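Here's the letter readout for the chains.
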Amino acid sequence: MSAELLINITPQESRVALLENGVLQEVLIERLSRRGIVGNIYKGRVSRVLPGMEAAFIDIGLDKSAFLHASDLTAPPMEDLHTEELPKKQPPPQIHEVLYEGKQLLVQVIKDPLGSKGARLTTYITLPSRFLVLMPDNQTVGISGKIESAEERERLRTLVLKVRAEFSEQFGFIVRTAADGINEESLRQDMQFLLRLWSSIEQSATATSQAKLVYSDLPLVLRVLRDMVGEPIQKVLIDSRETAAKVREFSEKYIPDLASHIEHYPGERPIFDLHGVEEEIQKSLQRKVPLKSGGYLIVDQTEAMTTIDVNTGGFVGSRNLEETIFRTNLEAAQAIARQLRLRNLGGIIILDFIDMMQSDHKQQVIKTLEKALEKDYAKTYISEVSPLGLVEMTRKRTRESLEHILCESCSTCNGRGYIKTAETVCYEIFREILRAVRQFDAKELLVLASQEVIDRLLDEESDSLAELQEFVAVGVRLQVEALYNQEQFDVVLL
C-alpha cells in the first residue's frame, strides 16, 4: 500500500489529507480560531460535584466547564493504545469522596468540546512520543498489541525495564508499534525526553494557582506525523516552504526515517486541487454516496446517531437477486469504512444493508467491513446482523465530524433538512387572515410572503383566496418580500 500525506497551510487553517493508493481516506482540519485541545494538560479547579451522575464539572479556563467522570479517576483511557498488558480496573470511588468544590487538580483532555458539551477530561495523564507513551500515575509496562512477535515483545519489555531503572521506576510506559526493532539507545533518548517534558509540566502546574493551560499538544501537522509513526508513508507534500522546513527539522529529530520523504510543493495549482482532494471533500458533505456498481449509500447524521442506508440503485446484476444484493453489500461495506474515516463519523452508527437470505453472505459482509476498518485509527466495535437486518456499530469520537467543522444548520429549515411546501404556507396564511379579522377591526390586510407562496396564491389558490375575502368582507393585498424564505410570511393590518 502506498500512502501519501498532503498538507495545505494558510494563515487561518491547516489541512492534512491522507491518500492511500491515490484515494483520499482521511481529512484533518485545524482552524486557528477553533484549534482542538485533545491531549492538552490543564491545571483545573472543581466548580461543581454531581454525586447523582458520579461526575464533576471542572473549570480549566475555557468558556465551558469540562466534564470529569468518576471512571476517569481510576484508570487511564488507554483502550485506543492497542496494548494487552493493562492494569485491572478497580471499582471507582464515590465522586464526592475524591473531589470537592475548589479542589485543584491536573487533568488532560481526552475529547474535544462537541456542540453544546464541554471537553471530557481524565486525571490520568498520558504523554506520547515516537516510541513510548509515558504514564506518570501508573507503573505498568505495556507493549503494543500490533507487535505480534513474542520474542520482540519480550526483548522490548526487558529493554524498557532496564532503561527505566536508570531514571525512576515510579513511571509506567506503553511501547508503541513504531518501537518494533529499535535499539536500547533510541529507547533511552525517548524515555529521557518524556521524563524531562513531564518534569517541566509539573513545574508549570506548581507555579500557578489559576485554572489554566500548562501543556499544549503539538500543532496538527506535527501531531499527525507523530501519531502515524510506523505507517508506510511514502511521501509528505507541503505547500508552505516555512512549514516544510519546520516539519523536516521535527522529523530529523524524532522520526529520521521520514525526513527524506518530506518535500515542499512549489506549484501554482493548489495542492488539494492537483490530487482531487478538494472535490472529494465536497462530495463527503453530500447525503448520497454513489457506488461503482450503480448502487449508492445514503448517510444521515443526527444528534443521537448516524444511519447509513444501502441501495442497489441502477445495479441489476447478471445472475440472480440474491447475488446482486450480496455484491452490492460487499462493495458498500468497503465504501462505508472509507466514509466513516473521511467524514470522521463517531458514536452510534446504524448500517442498513440490503436484506440477505443466506447466513454466509451476512458473515462475509461483516468480515469485509471489519477488514476495511483495520486501517482506521479510531477504535470501532461491530455487532452481528440483527433480526431486523441492521448492523449496529460504534466508532470512538474524539473530535467534531467533517460536517460539523465545515457546515452549520440551515437558517431556513433550522437543521430539519426540509421546509414547508408553498401549499402548506398558503393555508397557514388563510388561518392567520381569519385570526386577524376576528381579533382586530381591519379594513384591509397586506400579506407579505416569498415569491413561491405569492405565485401560488395568485394561481392555484386564487379561488380559495377570493372566497375567503368574500367571507371575511375584508380586502387582501399581496406583496412579494424578496428576503423571506418559503416558510416566512406576515399578515399586516392596513
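What you see is a predicted model; the values in this text were computed from it and never measured.

(A) Looking closely at the overall build of the protein chain. Secondary structure assignment for the protein chain yields 14 helices and 24 strands. Along the three orthogonal principal directions, the C-alpha set of the protein chain runs to about 95 × 65 × 55 Å. The buried share among the 494 residues of the protein chain stands at 46%. Residue pairs in contact within the protein chain that sit at least 24 positions apart in sequence constitute 67% of those at least 6 positions apart. Roughly 26,000 Å² of accessible area belongs to the protein chain as shown, and the carbon and sulfur atoms make up 48% of that amount.

(B) Up close: the packing of helix H9 (residues 321-343) against helix H10 (residues 359-372). The contact between H9 and H10 brings their axes to 8 Å, and the two run at 20°. By the angle between their directions, the pair H9 and H10 is classed as roughly parallel. Once H9 is placed against H10, the crossing between them reads as right-handed. On H10, the residues that touch Glu322, Phe326, Asn329, Leu330, Ala333, Gln334, Ile336 and Ala337 of H9 are His361, Gln364, Val365, Thr368, Leu369 and Ala372. Residues of the contact of H9 with H10, tallied by class, amount to 8 nonpolar, 5 polar and 1 charged.

(C) Inspection of the sheet that holds strand S23 (residues 475-480) at higher detail. Spatially, S23-S22-S24 is the arrangement adopted by the 3 strands of the open sheet, whose pairing is mixed. Only two strands of the sheet have a single partner each, and these edge strands are S23 and strand S24 (489-493). With strand direction ignored, the average angle separating the axes of adjacent strands in the sheet is 20°. Here 5 bridges tie strand S22 (residues 444-449) to S24, and the two strands are oriented antiparallel to one another. When the bridges of S24 are listed, leucine 446 appears paired with valine 492. Packing of helix H12 (residues 422-439) onto the sheet brings it into contact with S22, S23 and S24, and relative to S24 it is tilted by some 25°.

(D) How the structure looks around the packing of aromatic side chains. Applying the stated rule across the entire model yields 2 aromatic pairs. Centroid distance phenylalanine 57 to phenylalanine 67: 5.9 Å. Interplanar angle 65°. Geometry classified as edge-to-face. In this pair, phenylalanine 57 is assigned in strand S5 (residues 55-59) and phenylalanine 67 in strand S6 (residues 66-69), connecting sequence segments 10 residues apart. A relative accessible area of 27% means that phenylalanine 57 is categorised as partly exposed. Residue phenylalanine 67 is classed as partly exposed on the basis of its relative accessible area, which comes to 21%.

(E) Structural context of helix H2 (residues 150-167). The end-to-end C-alpha distance of H2, which contains 18 residues, comes to 26 Å, matching closely the 26 Å that a straight helix rising 1.5 Å per residue would cover. Restricting attention to buried positions, one finds in H2 the residues Glu152, Arg153, Leu156, Leu159, Val160, Val163 and Arg164. Buried residues of H2 fall within an arc of 130° about the axis and therefore sit on the same side. Those residues of H2 that are exposed and aimed more than 90 degrees away from the buried face are Ala150 and Glu151. Considering only its buried residues, H2 is in contact with strand S10 (132-135), strand S11 (141-143), strand S12 (172-175) and helix H3 (184-206).

(F) Spatial organisation of the pattern of salt bridges. Inspection of the entire model under this criterion finds 28 salt bridges. Between glutamate 166 and arginine 188 there is a salt bridge whose closest N-O contact spans 2.7 Å. In this pair, glutamate 166 is assigned in helix H2 and arginine 188 in helix H3, connecting sequence segments 22 residues apart. Given the relative accessible area of 16%, arginine 188 is considered buried. A salt bridge links glutamate 460 to arginine 456; its shortest N-O distance comes to 3.7 Å. Ionic contacts of the salt-bridge type, sharing partners, join the residues Lys162, Glu166, Glu184, Glu185 and Arg188 into one network.

(G) Representation of the nonpolar core within the structure. Counting residues in hydrophobic clusters, the biggest one holds 30 residues, and the most contacted among them are Leu127, Leu132, Phe173 and Ile201. Elements with a minimum of two residues in this core: S10, S11, H2, S12, H3 and strand S13 (212-215). No other element matches H3, which puts 8 residues into this core. Not counting the four nearest positions on each side in its chain, leucine 127 is found in contact with Ile41, Leu132, Val133, Leu134, Leu194, Leu197, Trp198, Ile201 and Tyr215. Residues Val299, Ala337, Ile354 and Met393 belong to the second largest nonpolar core, which totals 27 residues.

Calculation notes
- Residues numbered from 1 in each chain as written.
- Predicted model: local features only at pLDDT ≥ 70, side-chain atom pairs only at ≥ 80, totals over all residues.
- Heavy atoms only, no water.
- Helix = DSSP H or I, 4+ residues; strand = E, 2+ residues; numbered from the N terminus.
- Buried < 20%, exposed > 50% of the residue type's maximum accessible area, 1.4 Å probe, protein only.
- Contact = heavy atoms within 4.5 Å.
- Areas by Shrake-Rupley, 256 points an atom, 1.4 Å probe, with all protein chains shown as cover.
- Axes fitted to C-alpha atoms, helices over the stretch in contact; angles between N-to-C directions.
- Parallel < 35°, antiparallel > 145°, perpendicular 65-115°, else oblique.
- Left-handed = near helix turned anticlockwise from the far one by under 90°.
- Nonpolar A, V, L, I, M, F, W, Y, C, P; charged D, E, K, R; others polar.
- Pairing = 2+ DSSP bridges.
- Phe/Tyr/Trp six-rings, centres within 6.5 Å; stacked < 30°, edge-to-face > 60°.
- Expected span 1.5 Å × (residues − 1).
- Arc of directions from axis to C-beta.
- Salt bridge = Lys/Arg side-chain N within 4 Å of Asp/Glu carboxyl O.
- Core = buried A, V, L, I, M, F, W, Y, C linked by side-chain atoms within 4.5 Å.

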